Amino acid sequence: MKLSKLVLASTLVAAGASGLMAGNAFAQAKEQFIPVLSYRTGPYAPNGVPWANGYVDYIKLTNARGGINGVKFSFEECETGYDTARSVECYERLKSKGASFVQPLSTGATFAITEKAPADKIPVVTVGYGRSESADGSVFKWNFPIAGTYWVAADAIMQAIAKKEGGFDKLKGKKISLVYHDSPFGKEPIPLLQERAAMHGFNLTLLPVTAPGVEQKATWLQVRQNRPDYVVLWGWGVMNSTAIKEAQATGYPREKMYGVWWAGAEPDVKDVAEGAKGYNAVTMQHGAEPNSKLVKDVMAMVHGKGQGTGPKEEVGQVLYMRGAMSAMLAIEGVRAAQDRFGKGKVMTGEQIRWGLENLNLTQPKLDALGFAGVMRPISTSCMDHMGASWARIHTWDGTKWQFTSDWLQGDEQIIKPLVKTTAAKYAADKKLTPRTPADCQS
């Protein structure tokens, strides 16, 4: 067997064993079960693995800290390969174990599971992905795109580009190309970008890339011919590094490229290294955070005890932090639920849904959890299932990511009407009645 296959097999066995041990450790105690839909194989594995490692390590860290009021967490991973059908299969298999919530880690899977969640009474937590209109809690009672949607990401990118040009009025007549993964994920930013194009008079060109994105020569030939002033890259997995390599080959300036937050991590640029210098990406608040308290706690309480899920070197990298952040936000929903329905008790999916809808993560709370300097406060409500719309831009300097912008906030005057209109259409199509104020208390 090739070395790479041996390493992969060992990784999968270790991941499965860690999940089994977690389950056995708390089988006789009060436990809250978390299904972990991950992809450690296939073309998206280089990005999926660090996210899953951060996610699982945070669950382990929470247990090492004593759980939530003594209630600890068990989990089980299920390999999806970033395939929607397999993701749904994993969801169906694991939900019967008393799933606290589910994080599909795929926009396509989110679309499918969204239809099932209301009947199953399982919250769908989509940190930085999924349906942008699900920020509207009056229509999407069970969906939680906490901390940012793709419309926030697209708007932050446009703000950064406008600032570089000297204002939105300077975008008139400019050419901007969207190079996007031809999937529900890749199509998410289009309504926001079209709205901005109509407002400011720039020309938007849409360039879809067939998944997984290893072949982009025709796409970048169009870029070379059109000579856009900026390229917005909406990719995932191998598509990202391929795009940057093609930009380098065609001579397109990397400093004029802006990626979504799923196209702005170490796996996207490390193989290109100096060739990716100047490439920008929006962040979902955090970036690479090797000096954060969270990383120090993980190293001491998880890796230091021989329980780390992946290599120590990735702890604190961008996607590792994204996984840890995703786990933290959902687990804090459990804490909020306990505050109302009983501390030290195992919460139902319905109770956790209420907790996620009533998150109040102040800065002192985030700091105590290890996210000082990493995140800003998040507060959700019945109507607002996102809770925050802050982002930053970071830029690859050839060896590491560096923040290169101030905090940017999604423009609510543009985003809110898009959310309202699109959510209303979904409600009409599905014959749903939006929630009432009374329902918000239940």
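Residues numbered from 1 in each chain as written. Predicted model: local features only at pLDDT ≥ 70, side-chain atom pairs only at ≥ 80, totals over all residues. Heavy atoms only, no water.

*Asks:* Honestly, the overall build of the protein chain in this entry has me stumped. Any pointers?
*Replies:* Along its length, the protein chain carries 16 helices and 14 strands. Against the compact-globule benchmark of 22 Å for 442 residues, the protein chain has a radius of gyration of 21 Å, which places it among compact chains. Seen through its C-alpha atoms, the protein chain measures out along the principal axes to roughly 65 × 55 × 40 Å. Buried positions account for 57% of the 442 residues belonging to the protein chain. Sequence separation of 24 or more characterises 71% of the internal contacts of the protein chain that already satisfy a separation of 6 or more. When the accessible surface of the protein chain is summed, it comes to about 17,100 Å², and 54% of that surface belongs to carbon and sulfur atoms. A distance of 2 Å separates the average location of the 51 positive side-chain charges in the protein chain from that of its 42 negative side-chain charges. (Helix = DSSP H or I, 4+ residues; strand = E, 2+ residues; numbered from the N terminus. Rg over C-alpha atoms; globule rule 2.2 N^0.38 Å. Buried < 20%, exposed > 50% of the residue type's maximum accessible area, 1.4 Å probe, protein only. Contact = heavy atoms within 4.5 Å. Areas by Shrake-Rupley, 256 points an atom, 1.4 Å probe, with all protein chains shown as cover. Lys, Arg positive; Asp, Glu negative; His and termini not counted. Charge placed at Lys NZ, Arg CZ, Asp CG, Glu CD.)

*Asks:* What's the story with the packing of helix α6 (residues 150-165) against helix α8 (residues 190-200) in this structure? I'm lost.
*Replies:* Pairs of packed helices are described in terms of their axes, by the angle between the two and the distance that separates them. Across the interface, α6 lies against α8 with an axial gap of 8 Å and an inter-helix angle of 35°. Crossing of α6 over α8 shows right-handed handedness. Each of Trp151, Ala154, Asp155, Met158 and Gln159 in α6 lies in contact with α8, whose residues at this interface are Pro191, Leu192, Leu193 and Arg196. Partitioning the contact of α6 with α8 into residue classes produces 6 nonpolar, 1 polar and 2 charged. (Axes fitted to C-alpha atoms, helices over the stretch in contact; angles between N-to-C directions. Left-handed = near helix turned anticlockwise from the far one by under 90°. Nonpolar A, V, L, I, M, F, W, Y, C, P; charged D, E, K, R; others polar.)

*Asks:* What is the right way to read the state of the cysteines from this model?
*Replies:* Disulfides are covalent bonds that link the sulfur atoms of two cysteine residues. Counted by the stated rule, this structure contains 1 disulfide. The side chain of Cys78 participates in a disulfide bridge whose partner is Cys90; the two sulfur atoms lie 2.0 Å from each other. Between Cys78 and Cys90, the disulfide has an S-S torsion of -75° and is therefore left-handed. Here the residue Cys78 occupies a position in strand β2 (residues 72-79), and Cys90 occupies one in helix α3 (residues 84-95), the gap between them amounting to 12 residues. (Disulfide = S-S within 2.5 Å.)

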